[in-house]
Amino acid sequence: MALDPVAVRGDFPIMCRKVHGRRLVYLDSAATSHKPRSVIDAITDYYERFNSNVHRGSYQLAVEATEALEQARAKVARFIGAPRASEVILVKNATEAINLVARTWGQANLGLGDPVVITEMEHHANIVPWQMLAASRGIELRWIPVGDDGHLDLTDLDRLLDGARLVCVAAVSNVLGTINPICQLADAAHRVGALMMVDASQHTPHLPTDVGEMGADFVAFTGHKMCGPTGIGVLWAKSELLESMPPFLGGGEMIANVTKEGFSTAEVPWKFEAGTPPIAEAVGLGAAVDYLSGLGMDQVREHEVALTGYALRTLTQRYGDGIIIHGPTEPAERGGVLSFEYKGVHPHDVAQVLDRSGVCVRAGHHCAKPLMRVLGCVATSRASMYVYNDESDVDALADALSDTDDLFL
Ligand code: C6P
């Protein structure tokens, strides 16, 4: 059954609020999504009924908290098609997941001149950790370019992959919406003996995700963009890799034994989860996964393709040459992220004018400064859609944009 965004809106308490006396038109879900009542309730329930630390206490509350945390891990594993729950490492966010790989696998396996291949459309979270490794270990960073059509330009892929040790690519761009050919890149990476890391931050919330089908070795994503709370993200990796990697942070929870002479590590996944984990956040993420599974990820994707098509048509028909929308023109080739430049008005001004009508969009470089340079701009306005948006939100955006003309043109 097709997703009904009006019914979905009813699940999200924040959708009742007004902004500047207008209904909330939230078009910034690529930055963070809203949370359904079931997620908020799950977090409250944890604090009200079984708040306690995990993997330590033997009393009832602690057992329940531990079970809830581990159940959340298992739910996430099922949601992404992971063969084992122990392959799901709970971290703070996608940024931490990528840094974990750079600091553990990267430090242990990469050295002077080892090529790591990324793309020009990466978020800073998938650039800076590798630049830090370039500074500390002397790795060579190579960039797959972005073509004028908003897709990766793979013409020179063989040369870029020659000798590569790791390929790290966003599954969906947070600026262009482009859906990248992850399977193809993973195959190409494996052919030259490199590992494949996928930044799925903009994929997992919006498209069915199967880590096996992706052909990835590492997958990172973040909970707050997929109806979950902030403060929780995921690194998935193949068991054999996790077994072979040194730990990330040191402290409680991640050890099997500690003596004055040294320590031994706990089993995977706990080896990578030093300190008290984000328990309430994990419970919330488990509820988010239940919520999205209830909607059906195929239905979520179908809804977003239709809505993206409507948005592309509406904005171009209404504003013609006055609007430049970056990224692929085909809705089937992109997610529901629309970065645009409007009649030369600064994106921050556009965002401020839209806000007066209750329309929330993000303006800026979207943590993708190298991509901004490729696009030839310093910033864009960005409208990004999710399960609670419908055509009326696109219409509200299109209407509010014209208010910009009176002020700035
Ligand atoms: N992009 C955006 O407005 P964190 O901050 O760790 O939860 O997610 C980082 C991240 C990594 N990769 C991609 C593709 C992303 O889009 C993001 C987060 C937000 O576009 C906030 S900058």
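Here the structure is a predicted model, which is why all the values come from computation and not from measurement.

Next up on the list: the nonpolar core. Soluble globular proteins tend to pack their nonpolar side chains together in the buried interior. Within the largest apolar cluster, 78 residues are counted, with the highest numbers of intra-cluster contacts made by Met196, Val198, Val219 and Val387. A per-element tally of this core places helix H10 (residues 279-295) first, with 11 residues. Residues in contact with Val387, not counting those within four places in the same chain, are Leu3, Pro5, Val8, Phe12, Leu295, Val300, His303 and Glu304. Formed by 30 residues, the second largest nonpolar core is a distinct cluster that contains Ile98, Ile127, Leu241 and Phe272.

Looking now at the sheet that holds strand S14 (residues 337-342). As a general point, the strands of a sheet are linked pairwise by backbone hydrogen bonds and lie either parallel or antiparallel. The sheet built from 4 strands is open, its strands ordered S13-S14-S17-S16 with antiparallel pairing. Two strands lie at the open edges of the sheet, namely strand S13 (323-325) and strand S16 (362-364), each paired on one side alone. Direction aside, the axes of adjacent strands within the sheet are offset by 30° on average. Note: S13 against S14, 3 bridges, orientation antiparallel. Among the inter-strand pairings, Ile325 is bridged to a residue of S14, identified as Phe340. With respect to the sheet, helix H11 (residues 297-319) is in contact with S13 and S14, its orientation differing from that of S13 by roughly 155°. Lying on the sheet, helix H12 (residues 347-356) is in contact with S14, S16 and strand S17 (380-384); it crosses S16 at an angle near 160°.

Empty space within the largest pocket amounts to approximately 250 Å³. What lines the largest pocket is a set of 23 residues, among which His123, Ala125, Ser201, Gln202 and Lys225 lie closest to the centre. Sorting elements by how many residues they give to the lining of the largest pocket places helix H4 (residues 94-109) first, with 3 residues. Within the lining of the largest pocket, the residues separate by chemical class into 9 nonpolar, 9 polar and 5 charged. Taken domain by domain, the lining of the largest pocket gets at least three of its residues from each of domain 1 (5-31 + 296-408) and domain 2 (40-294).

Looking now at the domain arrangement of the protein. Interfaces are often sized by the amount of accessible area the parts lose when they come together. According to the domain assignment, the protein consists of domain 1 (5-31 + 296-408) and domain 2 (40-294). A separation of 28 Å is found between the C-alpha centroids of domain 1 and domain 2. Between domain 1 and domain 2, the buried area comes to about 2,600 Å², and carbon and sulfur atoms account for 61% of it. When the area that domain 1 buries against domain 2 is broken down by residue, the three leading residues are Met297, Leu371 and Tyr386, summing to 23%. Between the two partners, domain 1 and domain 2, sit 0 salt bridges. Taken together, the connections running from domain 1 to domain 2 amount to 19 residue pairs in polar contact (both at pLDDT 80 or more). The set of elements that each furnish at least two residues to the side of domain 1 that touches domain 2 consists of H11, S14 and helix H13 (369-375). If you tally residues by element for the side of domain 1 that touches domain 2, the top one is H13, at 6 residues. Residues of the side of domain 1 that touches domain 2, tallied by class, amount to 19 nonpolar, 8 polar and 8 charged.

Attention shifts here to the site of the ligand. Taken together, the neighbourhood of the ligand is formed by 17 residues, with Thr95, Asp199, Gln202, Thr222 and Arg362 sitting nearest. A distance of 2.5 Å separates a nitrogen atom of the ligand from a polar atom in the side chain of Asp199. In isolation the ligand offers 510 Å² of accessible surface; the protein chains occlude 90% of this area. Structurally, the ligand is housed in the largest pocket.

Following both chains from N to C, one finds H11 and helix H14 (residues 391-408) inclined at 25°, their axes separated by 10 Å at the closest point. Between H11 and H14, the crossing angle belongs to the class labelled roughly parallel. The handedness of the crossing between H11 and H14 is right-handed. Contact residues: Leu307, Tyr310, Ala311, Thr314, Leu315, Arg318 and Tyr319 in H11; Glu391, Val394, Asp395, Leu397, Ala398, Asp399, Leu401 and Ser402 in H14. Here the residues of the contact of H11 with H14 sort into 9 nonpolar, 2 polar and 4 charged.

A cluster of nonpolar side chains, contributed by Leu407, Phe408 and Leu409, occupies part of the molecular surface with about 300 Å² of accessible area. Assignment of secondary structure puts Leu409 in the segment after H14. Among the residues examined, Leu409 registers a relative accessible area of 57% and is labelled exposed.

Further remarks concern empty space enclosed by the protein. A complete count under the given rule lists 1 cavity of 30 Å³ or more for this structure. What the largest cavity holds in volume is close to 60 Å³. Ser29, Ala30, Val172, Gln202, His206, Leu207, Glu304, Gly335, Gly336, Val337, Ser384 and Met385 together form the lining of the largest cavity. Residue composition of the lining of the largest cavity, by class: 5 nonpolar, 6 polar and 1 charged. Counting contributing residues per domain, the lining of the largest cavity is built from domain 1 (5-31 + 296-408) and domain 2 (40-294), each supplying no fewer than three.

On to the pattern of salt bridges, then. One pass over the structure, following the stated rule, counts 17 salt bridges. When salt bridges with common partners are traced through the structure, they connect Arg9, Arg23, Asp390 and Asp393 into a single cluster.

For the bond running from Val268 to Pro269, omega is 10°, close enough to zero to count as cis. Along the chain, the position of Pro269 falls in the loop between strand S12 (263-265) and H10. Within the chain, His55 stands out as a residue other than glycine whose phi angle is a positive 60°. Here His55 lies in the loop between helix H2 (37-50) and helix H3 (60-79). Despite not being glycine, Cys367 shows a phi value in the positive range, around 55°. Counting through the fold element by element, Cys367 comes out in the loop between S16 and H13.

So, how was this worked out
Residues numbered from 1 in each chain as written. Predicted model: local features only at pLDDT ≥ 70, side-chain atom pairs only at ≥ 80, totals over all residues. Heavy atoms only, no water. Core = buried A, V, L, I, M, F, W, Y, C linked by side-chain atoms within 4.5 Å. Buried < 20%, exposed > 50% of the residue type's maximum accessible area, 1.4 Å probe, protein only. Helix = DSSP H or I, 4+ residues; strand = E, 2+ residues; numbered from the N terminus. Contact = heavy atoms within 4.5 Å. Pairing = 2+ DSSP bridges. Axes fitted to C-alpha atoms, helices over the stretch in contact; angles between N-to-C directions. 1 Å grid on protein atoms, 1.4 Å probe; cavity = no way out; pocket = protein on both sides within 12 Å on 5 of 7 lines; lining within 4 Å. Points joined across faces, edges and corners; volume = space filled by probe spheres on them. Nonpolar A, V, L, I, M, F, W, Y, C, P; charged D, E, K, R; others polar. Domains from an automatic or database assignment. Buried area = accessible area lost by both parts, 1.4 Å probe. Salt bridge = Lys/Arg side-chain N within 4 Å of Asp/Glu carboxyl O. Polar contact = N/O pair within 3.5 Å; in protein donor to acceptor, adjacent residues only side chain to side chain. Near = heavy atom within 4 Å. Areas by Shrake-Rupley, 256 points an atom, 1.4 Å probe, with all protein chains shown as cover. Sits in = over half its atoms within 2 Å of the grid points. Parallel < 35°, antiparallel > 145°, perpendicular 65-115°, else oblique. Left-handed = near helix turned anticlockwise from the far one by under 90°. Patch = residues over 30% accessible without salt bridge, like charges linked within 9 Å, V, L, I, M, F, W, Y side chains within 5 Å.

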